[in-house]
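Structural characterization, general
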Amino acid sequence: MVVLRREIGDVLRDARQRQGRTLREVSSAARVSLGYLSEVERGQKEASSELLASICEALDLPMSLVLREVSDRIAIAEGFAIPDTIPADFVAGLLGRGGERAELAPVG
């Protein structure tokens, strides 16, 4: 069974580790206790929308990208094929794999 809090935690942890950052660094930037952030990353605690926004900001990631990754993971676990609508190089830049962070253009 897919558990949403575990998927969110996995995505946040993966992003932090790709950036080469510690729990301590991100918890300080997000203004959340190290222990609580650790529990969120391990899927033991549900992150409120405000806390998730703070963690995403500390990781310099749009929340929409984090939620998209979570959604894709859940869809795959449910057996659905997900079309790739975001170019891989764009995502890589946002997640810190491709050097400079890509800038987002406002929608609407």
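Residues numbered from 1 in each chain as written. Predicted model: local features only at pLDDT ≥ 70, side-chain atom pairs only at ≥ 80, totals over all residues. Heavy atoms only, no water.

The number of helices and strands found in the chain is 6 helices and 0 strands. When its helices and strands are written in sequence order, the chain yields α-α-α-α-α-α. Counting over 108 residues, the chain shows a buried share of 34%. If you sum the accessible surface of the chain, you get close to 6700 Å²; carbon and sulfur atoms cover 52% of it. (Helix = DSSP H or I, 4+ residues; strand = E, 2+ residues; numbered from the N terminus. Buried < 20%, exposed > 50% of the residue type's maximum accessible area, 1.4 Å probe, protein only. Areas by Shrake-Rupley, 256 points an atom, 1.4 Å probe, with all protein chains shown as cover.)

The final tally for this structure, using the stated rule, is 6 salt bridges. Asp 10 is the salt-bridge partner of Arg 13, the closest N and O atoms lying 2.5 Å from each other. Remark: Asp 10 and Arg 13 occur in helix α1 (residues 4–18); sequence separation between them is 3 residues, near one turn of the helix. We classify Asp 10 as partly exposed; its relative accessible area is 23%. Arg 73 is the salt-bridge partner of Asp 14, the closest N and O atoms lying 2.7 Å from each other. Note that Asp 14 is positioned in helix α1 and Arg 73 in helix α5 (residues 63–77), a separation of 59 residues in sequence. Via salt bridges that share partners, Asp 14, Glu 69 and Arg 73 belong to a single interconnected network. (Salt bridge = Lys/Arg side-chain N within 4 Å of Asp/Glu carboxyl O.)

Once that is clear, we can look at helix α3 (residues 34–41). Listed as buried for α3 are Leu 37, Ser 38, Val 40 and Glu 41. End-on, the buried residues of α3 take up no more than an arc of 160°, which puts them together on one face. Considering only its buried residues, α3 is in contact with α1, α2 (23–30) and α4 (49–58). Phi for Gly 43, located one or two positions after α3, is positive at around 75°. (Arc of directions from axis to C-beta. Contact = heavy atoms within 4.5 Å.)

Another aspect to go through is a nonpolar patch on the surface. On the surface, Ile 76, Phe 80 and Ile 82 cluster together to form a nonpolar patch covering roughly 310 Å² of accessible area. Positionally, Ile 76 belongs in helix α5. (Patch = residues over 30% accessible without salt bridge, like charges linked within 9 Å, V, L, I, M, F, W, Y side chains within 5 Å.)

Turning next to the environment of Glu 46. As for its position among the elements, Glu 46 is in the loop between α3 and α4. The sequence separation of Glu 46 and Gly 9 amounts to 37 residues, and the corresponding C-alpha distance is 8.9 Å. Setting aside anything within four residues of it in sequence, one finds Glu 46 in contact with Arg 5 and Tyr 36.

Our next topic: the confidence of the model for the chain. Across the chain, the average pLDDT comes to 86, with 78% of residues at or above 70. The model gives residues 97–102 a pLDDT under 50, and that stretch makes 13 contacts with residues more than four places away or in other chains. (pLDDT = per-residue confidence, 0-100.)

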